Amino acid sequence: MSQQTISIQLPDGSVREVAAGTTPLEIANSISPRLAAASVVARLTPLNGTPAASAASGLQSEAEMYSTQDAAGPRLVDLSTPLTTDARLELVKENDPDALKVVRHSAAHVMATAVLELFPETKLGHGPATDSGFFYDFYREKPFTPEDLAEIQERMFEIVERDEPFVREYEPREKALEKFDHDGDFMKTHFVTKFTQPGDEVSFYRNGKFVDFCRGPHVSSTGRVKAVKVMSISGAYWLGNEKNPQLQRIYGTAFFSAKDLEDYLERIEDAKRRDHRRLGKELELFTVSEEVGAGLPLWLPKGATIRRLLEEYILDLERKFGYEHVYTPDLAKVDLYVRSGHWAHYHEDMFPTMDLETEKMVLRPMNCPHHILVYEAKPRSYRDLPIKIAELGTMYRYERSGVLSGLSRVRCMTLNDAHIFCSPDQIREEFSNVMKLVEKAYRDLGITKYSYRLSLRDKANREKYVDNDEMWTLGERVLREALDSLGLPYREAPGEAAFYGPKLDIQLADVMGHEETYSTIQVDFHLPSQFGLEYTAADGMRHRPVMIHRAIISTMERMTSYLIELYAGAFPLWLAPVQVGLVPISERHAAYAKKVEATLKDAGLRVESDQRNEKMNAKIRDFANQKTPYILVFGDKEEAAGSVSVRTRGKGDQGSMPLDAFLAKAKGLVANKSLEL
Ligand SMILES: [Zn+2]
Ligand SMILES: [Zn+2]
């Protein structure tokens, strides 16, 4: 037998000549045993093949999980994979996001091992890694109980303890299918049939007695699944079809260290504590009524107060920045949206049309066409530009019922919308003015964590986007130049553009790190040409304006939901629905309570006085549960001195102070939009 030699290129550029069949683990060990111990998998790029553009990193798509055909580009392989061709080799350590996916998928195998040991009648579906952990789909007639889940978790710990090596094995496809068929493993039969070809060798992974149809890669042994937890269970129909058997999907999560797992569980607890749907109820901010319909929340007085404050705040700020506010109707003729292109590109997200006697109407999904008609209401000259038309515009979008959630995903929403009509050479300055507005608003609202995303079209999806390459290229260039000139870091997201042009999205992350778009700026050449917009330029000729669509504080619904979660319901003084709670110690002090209330209200503060015949401490507790910033307590002593005893949220009892002094302090904090009390 001739001993063939291959060259393995390492990330530092060095090349090792090794015997064919050498494994990444052996190479790691030859460098240092510590490196070997720290490596999870290897990233391999064949050197003689055609390198593919994308790194095969995900284990999330089914095709990736099962295909036996390896891509020519970089791919993850087990540390025990025999290397057979010249390749570039990178040892992937625990801090690589790909490594986390590998350990999570390995944890899914450990879970399936535990389930089969405890409940051998169970049939296996599949078990991919997800962004937050992993799941495995099981078919078993009896539902798993919470006790079963606890037992599964215990058994998983045992399997980890056993430190069984994950071993890759191959079997002819026909033999594998025969076995799965015989055992009634209908889901495995399906996956093998779908993802392999006749004549293929099918890949399996074995740990102990457990074998699963899988392409890998995996960590070297179950012992490397160090921090794992069973999280929850839910039902799912096989292949998403309700005529099929119902599966039980058990979710889990896994990390490389107990500390990471603990942090993650803490974040989940924190997210629950901040959940705007829960707080919305507890703090009486909004409610959703079955009788009104899903995705159509009702704003209760306290929530409505927050919304009104946000609205007044942004309208004021926009006036200072030269915006003019308008009111336009919530609906329009369908023809308007045919002309704008919404009908062709955005139809699926709109509500159905309403047939009137002579007109066909539809609820508006966006405010742009109405504002274009405002622009068109009179002839425009270059001297008028930029024209900034703004509105708290209410719009309607047919969000599917499955995605509706509290205030954050709704079907009727009011957007802090505006359209800037300007000449092409004004784009950059207007863009930068919008950015200033965003930064000012975020600062005032206490929003500090955000990132920029340049959203581009998906070139393959011709239906979703206006077909005009020249316009897209121009829009993209303008946005990039504006971003670069402001020195803003951003990442690109193909497939996230508006149908009429690219946009800059400002992304806010929640406690769990999930990002959503809250503010957008879009440069649009399409709608102005669709509507034949014009202005008279200095040369007396008719020119076409450019349109900038922008929203600063998102929809009132979404921003309110974000702020509820950001502050966990404990709003800064200027946004708190009730700023001051009054607690007279006994009925004797009712007259003084009235006087304090009137003084504070006259100064513009929002005050609630608790006149119930309750114990003082109960009243204080109720205000505290409502996260009221200040609670003022008073009895004989305070009445005689014209003072109040102040309890500050988060700081406790601050002692007595003259009413006037308290008032001056509170007014100052409101005026400065202070985040501190
Ligand atoms: Zn697997
Ligand atoms: Zn618009």
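Predicted model, so just to flag it, every value in this text is computed and none were measured. (Residues numbered from 1 in each chain as written. Chains lettered and ligands numbered in written order. Predicted model: local features only at pLDDT ≥ 70, side-chain atom pairs only at ≥ 80, totals over all residues. Heavy atoms only, no water.)

1. Considering the overall build of the protein chain
So, point 1. The helix and strand inventory of the protein chain stands at 21 helices and 32 strands.
So, point 2. Once the C-alpha set of the protein chain is aligned to its principal axes, its extents read approximately 100 × 75 × 60 Å.
So, point 3. A total of 677 residues make up the protein chain; the buried ones form 51% of that total.
So, point 4. For the protein chain, the exposed area adds up to about 32200 Å²; of that, 50% sits on carbon and sulfur atoms. (Helix = DSSP H or I, 4+ residues; strand = E, 2+ residues; numbered from the N terminus. Buried < 20%, exposed > 50% of the residue type's maximum accessible area, 1.4 Å probe, protein only. Areas by Shrake-Rupley, 256 points an atom, 1.4 Å probe, with all protein chains shown as cover.)

2. Regarding the coordination of the zinc ion (ligand 2)
So, point 1. Coordination sphere of the zinc ion (ligand 2), protein contribution only: C368 (SG), H419 (NE2) and H549 (ND1), at 2.0 to 2.4 Å.
So, point 2. When the donors of the zinc ion (ligand 2) are listed by position in the chain, the intervening gaps give C-x50-H-x129-H. Taken together, the residues C368 in helix 13 (residues 368-375) and H549 in strand 27 (residues 546-555) connect sequence positions 181 residues apart.
So, point 3. On the basis of relative accessible area, C368 is assigned to the buried category, the value being 3%. (Donors = N, O, S within 2.8 Å, 3.2 Å for Na, K, Ca; no water.)

3. Considerations on the sheet that holds strand 24 (residues 515-524)
Adjacent strands of a sheet form backbone hydrogen bonds with each other and so pair up, either parallel or antiparallel.
So, point 1. Sheet architecture is open: eight strands sit in the order 15-19-20-27-24-23-21-22, paired in mixed fashion. Two strands lie at the open edges of the sheet, namely strand 15 (324-325) and strand 22 (490-494), each paired on one side alone.
So, point 2. Examined bridge by bridge, strand 21 (residues 450-456) and strand 23 (residues 503-509) share six bridges and lie antiparallel to one another. Across the sheet, residue Y452 finds its bridge partner in strand 23, namely I506.
So, point 3. Helix 13 contacts strand 19 (387-396), strand 20 (412-422) and strand 27 of the sheet and is inclined by roughly 145 degrees relative to strand 19.
So, point 4. Contacts from helix 14 (residues 427-445) reach strand 19, strand 20, strand 21, strand 23, strand 24 and strand 27, with the element oriented near 5 degrees to strand 27. (Pairing = 2+ DSSP bridges. Contact = heavy atoms within 4.5 Å. Axes fitted to C-alpha atoms, helices over the stretch in contact; angles between N-to-C directions.)

4. Topic: the environment of Y630
So, point 1. Residue placement: Y630 occurs in strand 30 (residues 630-634).
So, point 2. Through-space distance from the C-alpha of Y630 to that of H218 is 56 Å; in sequence the pair is 412 residues apart.
So, point 3. Ignoring anything within four residues of it in the chain, the contact list for Y630 reads L573, Q579, V580, G581, V646, R647, T648, F662, K665, L669 and L677.

5. Thoughts on the pattern of salt bridges
So, point 1. A complete count under the given rule lists 50 salt bridges for this structure.
So, point 2. The shortest N-O distance in the salt bridge between R224 and E94 comes to 3.4 Å. Remark: E94 occurs in the loop between strand 5 (87-93) and helix 4 (97-118) and R224 occurs in the loop between strand 10 (210-213) and strand 11 (227-237); sequence separation between them is 130 residues.
So, point 3. Classification of E94 as partly exposed rests on a relative accessible area of 31%. (Salt bridge = Lys/Arg side-chain N within 4 Å of Asp/Glu carboxyl O.)

6. Some thoughts on helix 15 (residues 469-486)
So, point 1. With 18 residues, helix 15 should reach 26 Å at 1.5 Å per residue; the first-to-last C-alpha distance of 26 Å fits that figure.
So, point 2. Every buried residue of helix 15 is listed here: M471, W472, G475, V478, L479, A482 and L483. Along the long axis of helix 15, the arc covered by the buried residues comes to 135 degrees, so they all point the same way. Among the exposed residues of helix 15, those pointing more than 90 degrees away from its buried face are E470, T473 and D484.
So, point 3. A positive backbone phi angle near 65 degrees is found at G487, which sits one or two residues after helix 15. (Expected span 1.5 Å × (residues − 1). Arc of directions from axis to C-beta.)

7. Some remarks on the sheet that holds strand 3 (residues 39-46)
So, point 1. Spatially, 2-1-5-3-4 is the arrangement adopted by the five strands of the open sheet, whose pairing is mixed. Edge positions in the sheet fall to strand 2 (15-19) and strand 4 (75-77), since each of these pairs with one other strand and no more. With direction set aside, neighbouring strand axes in the sheet form an average angle of 40 degrees.
So, point 2. Across the face of the sheet, helix 1 (residues 24-31) comes into contact with strand 1 (5-9), strand 2, strand 3, strand 4 and strand 5 while running at roughly 75 degrees to strand 5.
So, point 3. This element, helix 4, spans strand 3, strand 4 and strand 5 of the sheet and lies at about 115 degrees to strand 3.

8. Quick word on the packing of aromatic side chains
So, point 1. Going through the model one piece at a time under the given rule, you end up with 22 aromatic pairs.
So, point 2. Consider the rings of Y136 and F138, whose centres lie 5.1 Å apart with planes at 20 degrees: the pair is stacked.
So, point 3. Among the residues examined, Y136 registers a relative accessible area of 0% and is labelled buried.
So, point 4. Residue classification places F138 among the buried positions, given a relative accessible area of 0%. (Phe/Tyr/Trp six-rings, centres within 6.5 Å; stacked < 30°, edge-to-face > 60°.)

9. Thoughts on the coordination of the zinc ion (ligand 1)
So, point 1. Within the first shell, the zinc ion (ligand 1) binds the protein through H105 (NE2), H109 (NE2) and C214 (SG), at distances of 2.0 to 2.2 Å.
So, point 2. All donors to the zinc ion (ligand 1) come from one chain, and their sequence spacing reads H-x3-H-x104-C. Here H105 is found in helix 4, whereas its partner C214 is found in the loop between strand 10 and strand 11, with 109 residues between them in sequence. This pair shows no difference in class: H105 is buried, exactly as C214 is.

10. Concerning the packing of helix 4 against helix 5 (residues 146-162)
So, point 1. Close contact between helix 4 and helix 5 brings their axes to 8 Å; oriented N to C, the two are set at 115 degrees. Crossing geometry of helix 4 relative to helix 5 is assigned as right-handed. Taken together, the residues of helix 5 that come into contact with helix 4 (itself represented by A107, V110, M111, T113, A114, V115, E117 and L118) are E151, I152, R155, M156, I159, V160 and R162. (Left-handed = near helix turned anticlockwise from the far one by under 90°.)

11. Re the environment of G133
So, point 1. Mapping G133 onto the fold places it in the loop between strand 6 (123-124) and strand 7 (134-139).
So, point 2. Contact partners of G133, with chain neighbours within four places excluded, come to R104, G252 and T253.

12. Here we look at the packing of helix 14 against helix 15
So, point 1. In the contact formed by helix 14 and helix 15, the axes pass within 10 Å of each other and the chain directions differ by 60 degrees. One element, helix 14, and the other, helix 15, form an angle in the oblique class. Crossing geometry of helix 14 relative to helix 15 is assigned as right-handed. Here I427, R428, F431, S432 and M435 of helix 14 come into contact with helix 15, specifically with V478, L479, E481, A482, L483, S485 and L486.
So, point 2. In terms of residue class, the contact of helix 14 with helix 15 is made up of eight nonpolar, two polar and two charged. (Parallel < 35°, antiparallel > 145°, perpendicular 65-115°, else oblique. Nonpolar A, V, L, I, M, F, W, Y, C, P; charged D, E, K, R; others polar.)

13. What to know about the nonpolar core
So, point 1. Residues L310, L445, I553, M559, L563 and F571 are the most contacted members of the largest nonpolar core, which totals 86 residues.
So, point 2. Dropping the residues within four chain positions of it, M559 is found in contact with L310, L445, I447, Y518 and I553.
So, point 3. Judged by nonpolar contacts, the second largest core, of 37 residues, contains F138, Y205, C214 and V230. (Core = buried A, V, L, I, M, F, W, Y, C linked by side-chain atoms within 4.5 Å.)

14. A closer look at the pairing of strand 12 (residues 246-255)
So, point 1. Of all ten residues that make up strand 12, eight are buried, and the element is covered over most of its length.
So, point 2. As paired elements, strand 11 and strand 12 share ten bridges and run antiparallel to each other. Looking across to strand 12, one finds that V228 is bridged to A254.

15. A short note on the confidence of the model for the protein chain
So, point 1. Predicted confidence across the protein chain gives a mean pLDDT of 91, with 96% of residues reaching 70 or more.
So, point 2. Across residues 50-60, where pLDDT falls below 50, the model places 32 contacts with residues more than four positions away in sequence or in other chains. (pLDDT = per-residue confidence, 0-100.)

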